[in-house]
Amino acid sequence: MSLKLSISIKGILFNHGRVLLLKNERDEWELPGGRIEEHESPEECLAREVQEELGIHCTVETIIDSWVFEVLKGKFVFIVSYLCKCDDPSNIFISEEHKEYKWVHLDGLEDIHIPKGFEACGGGKVIELFDDSERQMKRNLFCFPDNNTRCALQPTNEINVYQFSIKTYEQIDFDYIEFLFNQRDEKYIYYSNNNSIKRSLNDAFLEKDGIQYLSPEIVLLYKSTYLNSIDATKHHHDFKYSLPLLSLEQKQWLKRSLEICHSDTHEWITEL
């Protein structure tokens, strides 16, 4: 499925422990910001949008997070948020794009209608984005609309943490998207569980019909760590049917990577 997303740059403005939110035409509270224009950097975009929407100047600092949100049925936007500092938070004058604004304490965000996304934290558990805990994340983000029927969240005994499950039938509608974040540089992408394992960017991504996708040996390396999970049968199936399609070089790379991660104990090593 070809994925086309608009890009929106959003700003997180703090003032005495409160964050600034704007109410849009859908009566949803959102961060200030908007779509990036041609030949404009994300920082320039956000400074311009804050000036237009709030009538104040801001200094754009570091990236905080990113996620995908369905603004309308079938229309998705990739959102990148930055931490910002504003010169005079008391002199705000909103534009006609929004109905109102307000400063909300972090502990009051649960009571506000805000688009939701979730982040994986291991063991099949996920935590809702905008949670302010210091939990160490794997930087594995995913989003889905409220009417999604593939995904289920069950509360746990931890605040804002859910047990996540997803049905395994083929995805037809664009109602679920997941982002896996890996370290990379100009030449290589690095395996998130062990940065000594790397793959050149030319080999890490393949392309078909103009759509890029992650090479199968890297996907199998990730699957190799979950052979004790409830999805073990599917991972074994994927390995079995992918193996004959891998080149000798791909097999050698996967074998070396498995040996680094699992010593000589992993059952797939002997088959490579």
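Conventions and cut-offs
Residues numbered from 1 in each chain as written. Predicted model: local features only at pLDDT ≥ 70, side-chain atom pairs only at ≥ 80, totals over all residues. Heavy atoms only, no water. Helix = DSSP H or I, 4+ residues; strand = E, 2+ residues; numbered from the N terminus. Buried < 20%, exposed > 50% of the residue type's maximum accessible area, 1.4 Å probe, protein only. Contact = heavy atoms within 4.5 Å. Areas by Shrake-Rupley, 256 points an atom, 1.4 Å probe, with all protein chains shown as cover. Polar contact = N/O pair within 3.5 Å; in protein donor to acceptor, adjacent residues only side chain to side chain. pLDDT = per-residue confidence, 0-100. Salt bridge = Lys/Arg side-chain N within 4 Å of Asp/Glu carboxyl O.

If you tally the helices and strands in the protein, you get five helices and 17 strands. Expressed as a percentage of its 272 residues, the buried residues of the protein come to 41%. If you take every contact in the protein between residues at least 6 apart in sequence, the share linking residues at least 24 apart comes to 55%. Total accessible area on the protein is roughly 16,500 Å²; 50% of this is exposed by carbon and sulfur atoms.

Across the eight residues of helix H3 (residues 216–223), six count as buried, placing the element largely inside the fold. Those residues of H3 that fall on the buried side of the exposure criterion are Glu217, Ile218, Leu220, Leu221, Tyr222 and Lys223. Contact partners of the buried residues in H3: strand S15 (198–200), helix H2 (201–204), strand S17 (211–214), helix H4 (232–242) and helix H5 (248–262).

Right, let's get into the side chain of Glu49. For Glu49, the location among the structural elements is in helix H1 (residues 42–54). By relative accessible area, Glu49 is classed as buried at 8%. Looking at Glu49, its side chain comes within polar contact range of the side chain of Arg48, at 3.2 Å.

On average, residues of the protein score 80 in pLDDT, and 78% of them reach the 70 mark or higher. No element of the protein has a lower mean pLDDT than strand S8 (residues 118–120), at 56, and none a higher one than S15, at 94.

Taken as a whole, this structure holds eleven salt bridges when the rule is applied. Residue Glu30 pairs with Lys10 through a salt bridge whose shortest N-O separation is 3.8 Å. Of this pair, Glu30 sits in strand S3 (residues 29–30) while Lys10 sits in strand S1 (residues 6–15), placing them 20 residues apart in sequence. No difference in accessibility class separates Glu30 from Lys10, as the two residues are buried. The residue Arg48 makes a salt bridge to Glu40 at a minimum N-O spacing of 2.7 Å.

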